[in-house]
Amino acid sequence: MEELLDPGLGRVRVFLMHDDNKPRKLKHNLGSRRILAFGGAYSNLIRAVAEAGRRHGIETVGVIRGEEHLPLNPVLARAAACGMTLTYLDRATYRRKHTEEVRAALRARWGEDVTILPEGGSNAAAVRGCAELPGEIGVPYDVVCCPVGTGGTLAGIAAGLPEGRRALGFAVLKGAGFLAGEVARLQREAYGRTWDNWSIDLDHHFGGYARTTPELEEFAARHGVERIYVAKMLLGVVGLARRGAFEPGTRIVAVVTGQPPPW
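Position numbers for residues count from 1 along each chain, tracking the sequence in the order it is written. For this predicted model, a pLDDT threshold of at least 70 governs which residues receive local features, and a threshold of 80 or more governs which side-chain atom pairs are given and counted, while totals over whole chains, interfaces and linings are taken from all residues. Derived side-chain values reflect all non-hydrogen atoms in the structure, with water molecules and hydrogen atoms excluded from consideration.

Some details on the packing of aromatic side chains
At step 1: Pairing of aromatic rings covers Phe, Tyr and Trp, the last counted by its six-membered ring, and requires centre-to-centre distances within 6.5 Å; plane angles under 30 degrees mean stacked, over 60 mean edge-to-face, and any other angle means tilted. Enumeration according to the criterion identifies 3 aromatic pairs in this entry.
At step 2: Summarising the aromatic geometry, the rings of Phe38 and Tyr94 are spaced 6.1 Å apart at their centres and angled 85 degrees between planes, so their arrangement reads as edge-to-face. Taken together, the positions of Phe38 in strand β3 (residues 34-39) and Tyr94 in helix α4 (residues 91-94) put the pair 56 residues apart, joining distant regions of the chain.
At step 3: Relative accessibility decides the category of a residue: with a 1.4 Å probe and only protein chains considered, values under 20% of the type maximum give buried, values over 50% give exposed, and everything between is partly exposed. Of the residues examined, Tyr94 reaches a relative accessible area of 3% and is grouped as buried.
At step 4: Centre to centre, the rings of Tyr209 and Tyr229 are 5.8 Å apart; their planes meet at 75 degrees, and the pair counts as edge-to-face. Helix numbers and strand numbers start at the N terminus; a helix is a DSSP run of H or I with at least 4 residues, a strand a run of E with at least 2.

In structure tokens:
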């Protein structure tokens, strides 16, 4: 497992665990013949659902935010090549995708038996898949860190931790105080209970989703990591270490989500 080397860490050690969390979220969601997923034009969930559909012979539908743009970008082109049907929702309708009105219209078009995944793929089944991650960590550790977009990965990791370990999520959204409620809700839906071994840092979003700063850009380039999720988490860990938030000698496993990094 690769170790993050940064002078700001002091005596805190950070080990990088690459893990594409989208297949984990999908593992227990693949029971129907047709799956519908929401996402932006560069969505990792759209990519993962399309790949899973190709491998398992499941019909997949990608509902993309905004208008169609041709030629397709590499993510959507790959999804289409995997057999995914791409359809588009204008941004106003997309913001209402969770409402029964929009979901009923989608079921009328794609069938009552279609499995509709929430944006980001976070539901009770996804939490159960992510709960398997701690059992695969191969180094001694005290804390597991992960980026947080919708809360499913953090909810699962915390549920799967051994006694005495804790999980720390880093919100990539601005004004994301609601995520604590989402993580608790997802744990209750998956297991009928919640855990108190996790927390969410709300101070390292660097301006909000897909926003950046020169400091974040420099850090992401220096360490060769994706900036929207992973760099925010890692720079957040470094910032907390500088402020003494971790005891000297703390061993952190930082979950590098998404496609494999270049190291």
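Some words on helix α9 (residues 214-223)
At step 1: Restricting attention to buried positions, one finds in α9 the residues Leu216, Phe219, Ala220 and His223. The buried residues of α9 all sit within an arc of 95 degrees when viewed along its axis, so they share a single face. In α9, the exposed positions that point more than 90 degrees away from the buried face belong to Pro214 and Ala221.
At step 2: Considering only its buried residues, α9 is in contact with β1 (2-4) and α10 (227-242).
At step 3: Once α9 finishes, Gly224 follows within two positions and takes phi at roughly 65 degrees, a positive value. What the arc covers is the set of directions going from the helix axis to the C-beta atoms. When checking whether two residues touch, look at their non-hydrogen atoms; a contact exists if any pair is within 4.5 Å.

A few points about the pairing of strand β7 (residues 143-148)
At step 1: β7 sits mainly inside the fold: 6 of its 6 residues count as buried.
At step 2: Sheet topology places β7 next to strand β8 (residues 166-171); 6 bridges connect them, and they run parallel. Residue pairing for β8: Val144 is matched across the bridge by Ala167.
At step 3: With the strands aimed away from the viewer, a crossover counts as right-handed if its path from the first strand over the helix to the second runs clockwise. This β-α-β element, β7 to helix α7 (residues 152-160) to β8, shows right-handed connectivity. In this analysis, strands are considered paired if DSSP registers two or more bridges between them.

Comments concerning the pattern of salt bridges
At step 1: Basic side-chain nitrogens of Lys or Arg form a salt bridge, by our definition, when they fall within 4 Å of a carboxyl oxygen of Asp or Glu. Going through the model one piece at a time under the given rule, you end up with 18 salt bridges.
At step 2: Between Asp113 and Arg33 there is a salt bridge, with its nearest N and O atoms 2.8 Å apart. You can see Asp113 sitting in the loop between α5 (100-110) and β6 (115-116) and its partner Arg33 sitting in the loop between α1 (21-27) and β3, a full 80 residues away along the chain.
At step 3: Through salt bridges that share partners, Asp6, Glu218 and Arg222 make up one connected network.

Remember, this is a structural readout, not a statement about activity or role.
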